[in-house]
Amino acid sequence: MSIFRYAAPASFYPLAGRLIPWFAAIAAASILIGLYWGFFQTPDQLGGTNPQKEYYRIIFVHVPAAWMSMWLYLVLAAWSAVGLVFNTRLSFMMARAAAPTGAIFTFLALWTGAFWGRPSWGTYWDWDPRLTSELILFFLYIGYIALHSAIDDARRADRASALLAIVGLVMLPVIFWSINCPDPNQCAALHQRSDLSQMESNIFRAMMLMTFGFWMYSFAAVFMRVRGIILSREAESAWVRALVEAKA
Amino acid sequence: MWRVFLCILGRDITLAMRRRTDVLTTLFFFVIVVSLFPLGIGTEKQILRILGPGVVWVAALLASMLALERLFAADYEDGTLEQMLMTPQPLALLVLAKVTAHWLLTGLPLVAIAPLVGMQYHLDDVAVGTMVLALMVGTPILSLLGAIGAALTLGLRGGGILLSLLILPLYIPVLVYGAGAVTVSAVDFADTQPYFSLLGAFLLLALIFSPLAAAAALRISIE
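Since we're looking at a predicted model, the values are computed, not measured.

**Q** When you look at the packing of aromatic side chains in this model, what are you seeing that I'm missing?
**A** Two aromatic rings, taken as a pair, are described by how far apart their centres are and by the angle between their planes. Residues and elements named next belong to chain A. Here the structure, examined in full by the defined rule, presents 18 aromatic pairs over all chains. Aromatic pair Tyr 73 and Tyr 141: ring centres 5.4 Å apart, planes at 80°, arrangement edge-to-face. Note that Tyr 73 is positioned in helix α2 (residues 59–86) and Tyr 141 in helix α4 (residues 129–150), a separation of 68 residues in sequence. Here the aromatic cluster, defined as three or more aromatic residues joined through ring pairs, consists of Phe 12, Phe 23, Trp 71, Trp 215, Phe 219 and Phe 223. Here Arg 118 stacks its cationic end above the ring of Tyr 124, 5.3 Å away from the centre of that ring. Across the ring face of Tyr 13, the terminal group of Arg 227 is positioned such that the distance to the ring centre comes to 4.1 Å.

**Q** What should I look at first to understand helix α2 (residues 20–41) of chain B in this one?
**A** For the α-helix, the turn length of 3.6 residues means that residues three or four positions removed from each other point alike. Residue and element names in this part refer to chain B. The end-to-end C-alpha separation of α2 is 33 Å, in line with the 32 Å expected for 22 residues at 1.5 Å each. Every buried residue belonging to α2 is among Val 23, Thr 26, Leu 27, Phe 30, Val 33, Val 34 and Pro 38, and all of these are buried. Taken down its axis, α2 places every buried residue within 140° of arc, on the same side. When the buried face of α2 is taken as reference, the exposed residues oriented beyond 90 degrees from it are Arg 20, Thr 21, Ile 32, Leu 39 and Gly 40.

**Q** Help me understand the interface of chain A and chain B in this model?
**A** Interfaces are often sized by the amount of accessible area the parts lose when they come together. Each partner contributes residues to the interface: chain A has 28 residues there, and chain B has 28 residues. Between chain A and chain B we count 0 salt bridges in total. If you tally residues by element for the side of chain A that touches chain B, the top one is helix α5 (residues 154–180) of chain A, at 13 residues. Of the residues assigned to the side of chain A that touches chain B, the class counts are 19 nonpolar, 4 polar and 5 charged.

**Q** Where do I start with the pattern of salt bridges in this structure?
**A** Oppositely charged side chains can pair when the atoms bearing their charge come close. Counting across every chain of the model gives 9 salt bridges over all chains. One connected set of salt bridges, linked through shared partners, spans Arg11(B), Asp12(B), Asp75(B) and Lys98(B).

**Q** Sorry, what's going on with the nonpolar core here?
**A** Across soluble globular proteins, nonpolar side chains show a tendency to be buried alongside one another. Residues Leu147(A), Phe30(B), Phe72(B) and Leu218(B) are the most contacted members of the largest nonpolar core, which totals 124 residues. Examining the composition of this core, we find that 15 residues originate from one element, helix α6 (residues 125–152) of chain B, more than from any other. Residues in contact with Phe72(B), not counting those within four places in the same chain, are Leu81(B), Val95(B), Lys98(B), Ala147(B), Ala150(B), Ala151(B), Leu154(B) and Leu218(B). Phe12(A), Ala27(A), Ala98(A) and Val222(A) belong to the second-largest nonpolar core, a separate cluster that totals 20 residues.

Scoring rules and cut-offs
- Residues numbered from 1 in each chain as written.
- Chains lettered and ligands numbered in written order.
- Predicted model: local features only at pLDDT ≥ 70, side-chain atom pairs only at ≥ 80, totals over all residues.
- Heavy atoms only, no water.
- Phe/Tyr/Trp six-rings, centres within 6.5 Å; stacked < 30°, edge-to-face > 60°.
- Helix = DSSP H or I, 4+ residues; strand = E, 2+ residues; numbered from the N terminus.
- Lys NZ or Arg CZ within 6 Å of the ring centre and 35° of its normal.
- Expected span 1.5 Å × (residues − 1).
- Buried < 20%, exposed > 50% of the residue type's maximum accessible area, 1.4 Å probe, protein only.
- Arc of directions from axis to C-beta.
- Contact = heavy atoms within 4.5 Å.
- Salt bridge = Lys/Arg side-chain N within 4 Å of Asp/Glu carboxyl O.
- Nonpolar A, V, L, I, M, F, W, Y, C, P; charged D, E, K, R; others polar.
- Core = buried A, V, L, I, M, F, W, Y, C linked by side-chain atoms within 4.5 Å.

None of the figures reported here should be taken as evidence of function without further support.
Given below as structure tokens:
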């Protein structure tokens, strides 16, 4: 028995159904522990050159959301590429299912970032490179979803939006660097680096736990959505009918 | 290979010349959008000089995008595109020919009228020259990238709005460096060199990859 057996929607559907509770439970546990750890086991104030008060704690939602937003776009583009190369239907469904979750995380990252920016920068929005590229990532997600839902023919919708996702992936670093150093003469000076190893260890742990929790949540959400997609796409097939009859 | 390229190029230009309003509409759209800004934000010379490069570039983005819808639409409706897909010549080459024609008809007129528009914004001679150069290098990139979007949204309802959603985010690097070059030229023209290098690099990349991507998109849209 090979793992590729699960490339067929009919056999992936029950597998995803069995896995969802596990992913959901792990996600809930790590997010709860992560939030507790982040709120009660970490210093109340960040010292150093750039002192921050309690509001720095938004990091526990903000950074994991930003990481997941980028990671899920990578996942989306990877499934799109797999789908275009091997012509497997489930890959396209996975890509389509990952898009809304990615868009939500992108929005969450922007939203929490604005709330963090207000006390620390004195403004909700600044044309900071990271903010701007996150905003553009959001546009790319929206474009993908819009193109997919504008096309009625499922096969064309899958393939067209997959191509768009890959074009977007190629453009993403270009856009990122364009915003990151609008003046090519000063590229080196502008790059911002955040160093994970300099973080307080409790903050780091809580953040990583939250990231893990968000990741597991993404699995659960994407699997739930992909099950819905599978059912609607395969509504005419024998196994779905049998499933419906068994339920009824 | 060249014969088929020139053949399509000539055909598209002839067709457009038979219906000149399409070309003029894009051009006047550009002029109107650019003229609206001073009316909205006030006619202070200092402000206009700062805003000018960005406004002209955004208007060029919008104008070239509006024209994109027609890139494949007519050929799609009368079945010519399907015939093109079946020719033995590589589809990417045919796409490149169509994009070239599209640029000559919509991009080049914008470049030509840019000095006039620059005067509305009190840009000095160096800035106007830089703008013309930057538009010359930048607008073909817009047409090339746009072709991918036009091919993907072929024959969809509400294709125009959708197209803008897909393509405008991809236009950002061109906007940043195109407008950046003009802004920098106000200080010293020599400083614009890296901007032009990057725009040129984008153009070369787009020339190679976007006809291939657009050809793949066309095959997806028509099958």
